[in-house]
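Structural features, examined
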Amino acid sequence: MTASADPAPAPAPAPAKRHEPPMLTGSGAILASLEKLGVTDVFGIPGGAIMPFYDELMASTAIRHILVRHEQGAGHAAEGYAAASGRVGVAIATSGPGATNLVTAIADAHMDSVPMIAITGQVFSTSMGTDAFQEVDIVGITMPITKHSFLVTDPADVPATLAAAYQIATTGRPGPVLVDVTKDAQQKSAPFIWPPKIDLPGYRPVTKAHGKQIVAAAELLAEAQRPVLYVGGGVIRSEAGAELLKLAEKTGAPVVTTLMARGAFPDSHPQHLGMPGMHGSVPAVLSLQESDLIVAIGARFDDRVTGRVADFAPLAKIVHIDIDPAEIGKIRQADVPIVGDAKDVIVDLIAAFTDAAKKSKPDIAEWWTRLEKLKADFPLGFTDDPDDGLLAPQAVIKRIGELSGPEAIYAAGVGQHQMWAAQFIKYERPHAWLNSGGAGTMGYAVPAAMGAKVAQPDRLVWAIDGDGCFQMTNQELATCTINDIPIKVAIINNSSLGMVRQWQTLFYDGRHSFTDLNTGHKSSTEQTRMVPDFVKLAEAYGALGIRVTKPEEIDPAIKLAIETNDRPVVIDFVVSRDAMVWPMVPQGVGNSSVQYARDHAPAWEEE
Ligand SMILES: Cc1ncc(C[n+]2csc(CCOP(=O)(O)OP(=O)(O)O)c2C)c(N)n1
């Protein structure tokens, strides 16, 4: 046989190796998705309907789970984590009461535009609708308080749903997204397919604003004689602090920062007038009232800022910049509406203003003369030596700020102490001030501080809390001690639900109906039982507890707290119960009648 001239037939090509996606349980897919999204810390509590996921979570080396003591704590911790770092916060709960315990924090995140993912277990899909044990329709309950709520019943849907949840929570106007996963979807397996691109029909947040609108805004700004930059929390969420500083310095306009925006513009800057609104500084409140142009940036004309809307800034034209088109014109008609991301819009506005200012030479010197007079006439102040011989709460808070500095993080509860913390601590950078602005949720401070400390372990983190608020979520001190999260808590203990008491004093003829908490003293001579004893409570939780009753003890206690990092610290500052938050514009009244202090202004005219 001779060899054939024909070449030997080539071997049949091996079938191309198909890359099979790995099979994962739904629980494994939740974990893998979170890891893909770069999540490194989550807060939660297990229970029946979320146990398959917790079983996976135990083995994760990439994700730290912090076992909280109440799901509300998980929610606020996720919020604090997000607000301090700009990253998404994640909270986990079981079905039924676990999920409903998250609701307050979800609503809070929704009001304050906090990027958050809440993952809840749901009963078996076959049991849904049967009033099964621990069944609630958490998707239905949370629909009005989330950007979106998903129900997952098929493990194959887990990756795309979590990718979408992340996208929705963190883009456009940030906010909370809930992902409810049935127990069978957690247990069953499916191929894990990570979506190459997330395309959500109907979800297209606008970030880049319309050029014509920017030019129109710039022209108004160049012509205005009494402009004000009214800055809201959107500037912090959009990381636009540096751009805002440039805009302010370029235009020379005064800046006011809302309760949600403290730190968006440095308090030390000479163009800063402080916080506007119900407890705002007189210069901030009156600058808006007298302004001829308000440039609102990431702010929403909240009723606590506007007072009686019909009387708010009657002479001002409005440029309203917001990423959420639903905010524009909601409360006050905008002359120039601008939908876009604050950072991008400000950059464009600076360029357009530079051009516009060449044509029309802005002159705001007279405006500044007026504003400087307001600043000089109405500085923020307080009575340093209350009649009852107890500590001045404002002095305590001021010293915490001075001794801790601008690099620290301050999370407040809700009430008088919150307003004093907003007024008397100097904020120089975004993400230093965390609070519940929109919902006003008592109990926010301790868990939010815990979350902030997890996100920013190298920063000093204070919870500035009221004796009422502290009693709503103080159980998270156990979480802090066990998980080595050494936060500092300052209880501004006025032995009462102080802010409500203040309203009772002013608007209910001093009838203090059910606002006495019996946690502190009525005066330095009339000492009462303190229930609970916050120092003993702190010690029971493994924290260092300190009580401060005299002015000379304030600094040493704060310094000791700052130096103590092997456990949380709680300082019980026993303060005067009669101290009031000033200035004040009461609800339903025009802002021009801002009252500087109780005896310093004409009587209010209520609606
Ligand atoms: C969950 C919740 N319940 C009730 C209120 C109404 N509220 C607003 S401030 C306040 C008093 C807070 O008291 P405390 O924590 O002692 O702070 P203070 O005003 O004394 O500084 C109350 C009851 C609220 N904001 N949140």
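The model shown is predicted, which means the values in this text are computed figures rather than measured ones. (Residues numbered from 1 in each chain as written. Predicted model: local features only at pLDDT ≥ 70, side-chain atom pairs only at ≥ 80, totals over all residues. Heavy atoms only, no water.)

It is worth spelling out the overall build of the protein at this point. Summing up its helical and strand segments, the protein has 23 helices and 20 strands in all. Taken against the 2.2 N^0.38 rule, which gives 25 Å for 607 residues, the C-alpha radius of gyration of the protein at 27 Å falls within 12% of a compact globule. The dimensions of the protein, computed from C-alpha atoms along their principal axes, are 120 × 70 × 45 Å. Taken over 607 residues, the protein has a buried fraction of 57%. Considering only intrachain contacts with a sequence separation of at least 6, the fraction spanning at least 24 residues in the protein is 73%. Distance between charge centres in the protein, computed from 50 positive and 69 negative side chains, equals 3 Å. (Helix = DSSP H or I, 4+ residues; strand = E, 2+ residues; numbered from the N terminus. Rg over C-alpha atoms; globule rule 2.2 N^0.38 Å. Buried < 20%, exposed > 50% of the residue type's maximum accessible area, 1.4 Å probe, protein only. Contact = heavy atoms within 4.5 Å. Lys, Arg positive; Asp, Glu negative; His and termini not counted. Charge placed at Lys NZ, Arg CZ, Asp CG, Glu CD.)

Let us now look at the sheet that holds strand β12 (residues 293–297). Pairing in this open sheet of six strands is parallel, and the strands run β11-β10-β9-β12-β13-β14 from one edge to the other. Two strands lie at the open edges of the sheet, namely β11 (272–274) and β14 (336–339), each paired on one side alone. The sheet shows a mean angle of 20° between the axes of neighbouring strands, taken without regard to direction. When β12 meets strand β13 (residues 317–322), the two strands line up parallel, connected through five bridges. Within the sheet, the bridge partner assigned to Val 295 lies in β13 and is Val 319. Running over the sheet, helix α9 (residues 211–223) touches β9 (227–231), β12, β13 and β14 and is turned about 130° from β14. (Pairing = 2+ DSSP bridges. Axes fitted to C-alpha atoms, helices over the stretch in contact; angles between N-to-C directions.)

Let's shift gears to the side chain of His 431. Relative to the elements of secondary structure, His 431 occurs in the loop between α17 (416–424) and β16 (433–434). A polar atom in the side chain of His 431 sits 2.9 Å from the side chain of Glu 239. Those residues within four positions of His 431 in sequence are excluded, and the remaining contacts are Ala 83, Ala 84, Gly 86, Ile 236, Glu 239 and Ile 409. (Polar contact = N/O pair within 3.5 Å; in protein donor to acceptor, adjacent residues only side chain to side chain.)

Most often, soluble globular proteins have nonpolar side chains that are buried together. Ranked by internal contacts, the top residues of the largest apolar core, which has 50 residues, are Phe 43, Leu 434, Phe 470, Ile 487, Val 489 and Val 570. For this core, the leading source of residues is helix α18 (residues 445–455), giving eight residues. Sequence-distant contacts of Val 489, defined by excluding residues within four places in its chain, comprise Val 446, Trp 462, Ala 463, Asp 465, Phe 470, Leu 477, Val 569, Val 570 and Ile 571. (Core = buried A, V, L, I, M, F, W, Y, C linked by side-chain atoms within 4.5 Å.)

It is worth spelling out the pattern of salt bridges at this point. In this structure the tally under the stated criterion is 25 salt bridges. Linking Lys 522 and Asp 516 is a salt bridge whose minimum nitrogen-to-oxygen distance equals 3.1 Å. Residue Asp 516 is classed as partly exposed on the basis of its relative accessible area of 36%. Here Arg 567 makes a salt bridge to Asp 566, at a shortest N to O gap of 3.3 Å. Salt bridges sharing common partners tie together Arg 173, Asp 324, Glu 327 and Lys 330. (Salt bridge = Lys/Arg side-chain N within 4 Å of Asp/Glu carboxyl O.)

Quick look at helix α14 (residues 342–359) now. For α14, spanning 18 residues, the distance from its first C-alpha to its last is 25 Å, which sits close to the expected 26 Å at 1.5 Å a residue. Along α14, the residues classified as buried are Ala 342, Val 345, Ile 346, Leu 349, Ile 350, Ala 352, Phe 353, Ala 356 and Ala 357. In the core, the buried residues of α14 are packed alongside α9, α10 (234–237), α11 (241–251), β12, β13 and β14. (Expected span 1.5 Å × (residues − 1).)

This next bit is on the environment of Gly 510. Structurally, the position occupied by Gly 510 is in the loop between α21 (498–507) and α22 (534–540). Non-local contacts of Gly 510, meaning those with residues more than four positions away in its chain, are made with Gln 504 and Thr 505.

Here we come to the packing of helix α3 (residues 71–85) against helix α5 (residues 103–111). Their axes nearest at 7 Å, the elements α3 and α5 cross at an angle of 25°. Judged by the inter-axis angle, α3 sits roughly parallel to α5. In this structure, α3 uses Gln 72, Gly 75, His 76 and Glu 79 to contact α5, whose residues at the interface are Thr 104, Ala 105, Asp 108 and Ala 109. (Parallel < 35°, antiparallel > 145°, perpendicular 65-115°, else oblique.)

Purely geometric stuff here, so don't read any function into it on its own.
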